[in-house]
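Close look at the chain arrangement
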Amino acid sequence: MKSIVIQRPNTLVIEDRPLPTPAAGEVSVKVKLAGICGSDSHIYRGHNPFAKYPRVIGHEFFGVIDAVGDGVDTARLGQRVSVDPVISCGHCYQCSVGKPNVCASLVVLGVHRDGGFSEYAAVPAKNAKVIPDAISDKHAVMIEPFTIAANVTGHVSPTEQDVALIYGAGPMGLVTVQALKGVYKVKQVIVVDRIDERLAMAQRSGADWVINNGNQSLPALLEEKGIKPTLIVDAACHPSILQEAITLASPGARIVLMGFSSEPSQIVQQGITGKELSIFSSRLNANKFPVVIDWLTKGLIDPDKLITHAFEYQHVKDAIELFEKDQRQCCKVLLTF
Ligand code: NAI
Ligand code: MN
Ligand code: ZN
């Protein structure tokens, strides 16, 4: 089989590898579609602190089960599945409180262990989530990015009364916008970014008001309209954003951070405690595949609005380069196998 391997930073090779044999409790998935994410590019370029090389990248993938290991029901052969990339131990403190996404022995497919940019991938059977017939292949491959939004919104229980402010109209900002509008029916969702084309995508995903803060002052615009957001999600992830969010937030508001910056954020405690703000962080997803499958079944979100390109896997280098260079036109880029 062919696998897309990052042999070392900046060296991507399509290798011939033996077919994987699923271990006990695992299945082999014949991959049909995979999605390119920022973290794939970061591993390719050597900017992911968790990655070990060589590595088959890819943590967003969909396919069909074509072999099962010991202890797995053969009835699973032929099932259409999307793979949850989060592998957890099930018994550490984090797992016991519903946070397998930060498990003590966390393994993320495509990061710590070979992932889905491959013709076949062996994965734990319980991570291969069955996709109902009514959900198309293209929607199924988009489940993982939407689980990030399910995790973010799961922390804060949005309501129709919320006034939400989303920093960043990249893939992560857009899945969050779709969840807030489509699932939670939030009255007002404001999106801020520096790229007009991305803000236009945010509008297509349901944003009520978009602001380019490259050429306008977000604080001044919100103040002029007397708007104090009650829910703020940082999907742009610059360390300076937290303090701005604290300043702009309504008393009682919730702020969710998604970033992994190692640079310090300078913040003033008075701004947090004085308004009794709640600050959450969100990493990957904690068992959110069933949640997003339900959203798709009910038609509450539309992944098609985020898919801008598809390439055959042989052209993966072109696909990643386009994804990296063209933030104006690119959102989700798919690979077909
Ligand atoms: P992206 O880079 O495609 O999008 C980020 C967007 O933020 C860009 O459109 C950029 O123009 C905008 N931006 C940057 N600085 C800004 C500022 N000061 N104000 C307004 N907009 C600004 O990235 P993507 O894929 O959407 O991911 C967003 C972030 O989320 C990344 O930092 C990534 O590392 C993080 N992430 C976190 C995850 C988690 O589970 N916590 C999962 C996936 C991504
Ligand atoms: Mn992803
Ligand atoms: Zn655990």
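A short tour of the structure in this document, coming up. Because the structure is predicted, anything quoted here is derived from the model rather than measured. (Residues numbered from 1 in each chain as written. Chains lettered and ligands numbered in written order. Predicted model: local features only at pLDDT ≥ 70, side-chain atom pairs only at ≥ 80, totals over all residues. Heavy atoms only, no water.)

1. What to know about the site of ligand 1
Quick note on the threshold: Neighbouring residues are identified by heavy atoms, a residue being near a molecule or strand if any of them is within 4 Å of it. In protein, a polar contact requires one atom able to donate a hydrogen and another able to accept it; more generally it is a pair of N or O atoms within 3.5 Å, and residues adjacent in sequence count only if both atoms are side-chain atoms. Basically, the charged four are Asp, Glu, Lys and Arg, the nonpolar ten are Ala, Val, Leu, Ile, Met, Phe, Trp, Tyr, Cys and Pro, and anything else, Gly included, counts as polar.
Near ligand 1 lie 21 residues; those nearest to it are M172, D193, R198, S282 and L284. One of the side-chain nitrogen or oxygen atoms of R198 is found 2.8 Å away from an oxygen atom of ligand 1. Residues belonging to the shell around ligand 1 are distributed by class as follows: twelve nonpolar, five polar and four charged.

2. Re the packing of aromatic side chains
Convention followed: Between 30 and 60 degrees the pair is tilted, below 30 it is stacked and above 60 it is edge-to-face, where a pair is any two Phe, Tyr or Trp rings, Trp via its six-membered ring, whose centres lie within 6.5 Å. By definition, any uninterrupted DSSP run of H or I lasting at least four residues is a helix, any uninterrupted run of E lasting at least two residues is a strand, and each is numbered from the N terminus. Note on exposure labels: buried denotes an accessible area under 20% of the residue type's maximum, exposed denotes more than 50%, and partly exposed covers the range between, all computed with a 1.4 Å probe on protein chains only. Any Lys NZ or Arg CZ that is within 6 Å of a ring centre and within 35 degrees of that ring's normal is treated as a charge sitting over the ring.
Counted under the stated rule, the structure contains one aromatic pair. Summarising the aromatic geometry, the rings of Y313 and F337 are spaced 4.9 Å apart at their centres and angled 5° between planes, so their arrangement reads as stacked. You can see Y313 sitting in the loop between β17 (307-312) and α11 (316-325) and its partner F337 sitting in the segment after β18 (332-336), a full 24 residues away along the chain. Given the relative accessible area of 8%, Y313 is considered buried. Looking at F337, the relative accessible area reads 24%, which means it is partly exposed. For the cation-ring pair, R45 lies above Y44, with the distance from its terminal atom to the ring centre recorded as 4.0 Å. Just above the ring of W209 sits the side chain of K225; from NZ or CZ to the centre is 4.6 Å.

3. Details of the sheet that holds strand β14 (residues 231-234)
Sheets are built from strands paired through backbone hydrogen bonds, the pairs being either parallel or antiparallel. Here is the rule we go by: Any two strands with at least two DSSP-identified bridges between them are counted as paired. Note on geometry: axes are lines fitted to C-alpha atoms, helical ones only across the stretch in contact, with angles between N-to-C directions running from 0 to 180 degrees.
The strand order β13-β12-β11-β14-β15-β16 describes an open sheet built from six strands, whose pairing is parallel. Either end of the sheet is taken by a strand with one partner, and the two such strands are β13 (209-212) and β16 (278-281). Taken pair by pair, the neighbouring strands of this sheet meet at an average axis angle of 15°, ignoring direction. Sheet topology places strand β15 (residues 254-257) next to β16; four bridges connect them, and they run parallel. The residue bridging L257 from the neighbouring strand is S281, located in β16.

It is worth stressing that arrangement in space is one thing and function is another; only the former is reported here.
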